[in-house]
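Observations on chain architecture
Residue strings, one per chain:
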Amino acid sequence: MFTAMRTAGVLSAVFAGFTMVMAQAPGTPAKQAIAHRGASGYAPEHTLAAYRLAMEQHVDFVEQDLAISKDGVLICLHDDSLERTSNVEQVFPDRSTAAPAAPAGAQARGGQAERRRWLANDFTLAEIRRLDFGSWFNPKFADSRIVTWQEAVDLVRARPGMGLYPELKSPPLYTSRGIDMMKLFVESVKKNGLDRPESLKTTPMIIQSFDEPTVRRIAQELPGVPRILLMESFGSGMTEARLRDIKSFATGIGPAKALLEAQPDVVKRAQGAGLTVTAYTFRTANAGRFASVRDEMSHYLYTLGIDALFTDNPDQFPRK
Ligand code: G3P
Ligand code: CA
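Here we summarise the structure given alongside this text.

Note on the calcium ion (ligand 2): its protein donors are Glu63 (OE), Asp65 (OD) and Glu167 (OE). The metal-donor distances range over 2.1 to 2.4 Å. Here the calcium ion (ligand 2) is ringed by 6 donor atoms whose angles at the metal span 59 to 159°, and the overall shape comes out irregular. Of note, the calcium ion (ligand 2) draws all its donor residues from one chain, in the sequence arrangement E-x1-D-x101-E. Within this pair, whereas aspartate 65 is found in strand 2 (residues 61-68), its partner glutamate 167 is found in strand 6 (residues 163-168), the two being separated by 102 residues in sequence. On the basis of relative accessibility, which here comes to 1%, the residue aspartate 65 falls in the buried class. Residue class for glutamate 167 comes out buried when judged on its relative accessible area of 3%.

Here we take up the packing of aromatic side chains. In the structure shown here, the tally under the stated rule is 8 aromatic pairs. Note on phenylalanine 61 and tyrosine 165: the rings are 5.1 Å apart at their centroids and 85° apart in plane angle, and the pair reads as edge-to-face. Linking phenylalanine 61 in strand 2 with tyrosine 165 in strand 6, this pair joins segments that are 104 residues apart in sequence. Using a relative accessible area of 1% as the deciding quantity, one classes tyrosine 165 as buried. The interplanar angle of 75° and the centroid separation of 5.3 Å between the aromatic rings of tyrosine 165 and phenylalanine 310 together place this pair among those described as edge-to-face. Separated by 145 residues along the polypeptide, tyrosine 165 in strand 6 and phenylalanine 310 in strand 11 (residues 308-311) bring together distant segments of the chain. For phenylalanine 310, a relative accessible area of 1% puts it in the buried group. In textbook terms, an aromatic cluster arises when at least three aromatic residues are bridged by ring pairs, as seen for Phe61, Tyr165 and Phe310.

Scoring rules and cut-offs
The residue numbering used here restarts from 1 in each chain and proceeds along that chain's sequence as written. To label them, take the chains in the order written and letter them from A, then take the ligands in the order written and number them from 1. The model is predicted, so local features are restricted to residues of pLDDT at least 70 and side-chain atom pairs to those at 80 or more, both for listing and for counting; the totals for chains, interfaces and linings are taken over all residues. Heavy atoms from the whole structure form the basis of all side-chain values; hydrogens and water molecules are not counted. Keep in mind that water is not among the atoms, so a site may look incomplete; donors are the N, O and S atoms within 2.8 Å of the metal, or 3.2 Å for Na, K and Ca. A four-donor site is classed as tetrahedral when every donor-metal-donor angle falls between 85 and 135 degrees; four donors are called square planar, and six octahedral, when trans pairs exceed 155 degrees and all remaining angles lie between 65 and 115, with any other arrangement labelled irregular. Labels follow the DSSP assignment, with helices taken as runs of H or I lasting at least four residues and strands as runs of E lasting at least two, numbered in each case from the N terminus. Here the term buried applies to any residue with accessible area under 20% of the maximum for its type, exposed to any over 50%, and partly exposed to those in between, with areas from a 1.4 Å probe on protein chains only. Between 30 and 60 degrees the pair is tilted, below 30 it is stacked and above 60 it is edge-to-face, where a pair is any two Phe, Tyr or Trp rings, Trp via its six-membered ring, whose centres lie within 6.5 Å.

In structure tokens, the structure reads:
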């Protein structure tokens, strides 16, 4: 009797283990949702409201685009400058600089008056903290303040299993100002222990950049951390040789979704080369030829077979 019960128990445990393994489906890892600038379809990008909502919508990762304040603090901001997503023009009307000239075509068409910009790197964190980062999106978010990279780390890390997805934006801009963005970032990652294997299990992190030298440097300085090379174009072509070259320093590619629409074969070829494929950006306002953004995401994930995607609408992410 005891032997029979023990045998049943063992079988039950084996079956439970088998079920668990089946649920994890080796060889077909779960697709991953990255909240693009937080749940930015519903709350102002890179605010605590957008990050918290993304986590409530059960994303796998919350994205942080990174910029640097005048006093050397990493902040979560998509643009190099502050005027699109804050009231900096009202608070600091005399602190703008001339923006780079408009493209020649725009000038030929009559162009625009000289554009001014308020570079984040010209303002201290204390000054940036005075700005309202919510009203441009909706007056109900008027209390939204800048989120520092450290605050984002602390917020996400408090929820085990939730991941960070920092993008090193514009490293060449900072280099031109004598600032080593990568050095600052690596110091922060190491200080927080985010590159340690035990940390990566509880707080996964994937680093991204459009800047290839930066991704190459991440491979050297943070070799244990996954990193993807973002792409606005495939340049002269995504050949097997180019894929092998990318694999030598990155763990994945991050193409604009239009590139995969034009060349869907790249998904399987990149994966065949050992690279993950993470496409950007999926949003209700731009679902292309699809009836809904959910349908569009399904197509890319389950027909083309990409591994992950960036979306403004994480609640629409189709999990199978
Ligand atoms: O980082 C992936 C995607 O966010 C790239 O586009 O311009 O929104 O940073 P962007
Ligand atoms: Ca980004």
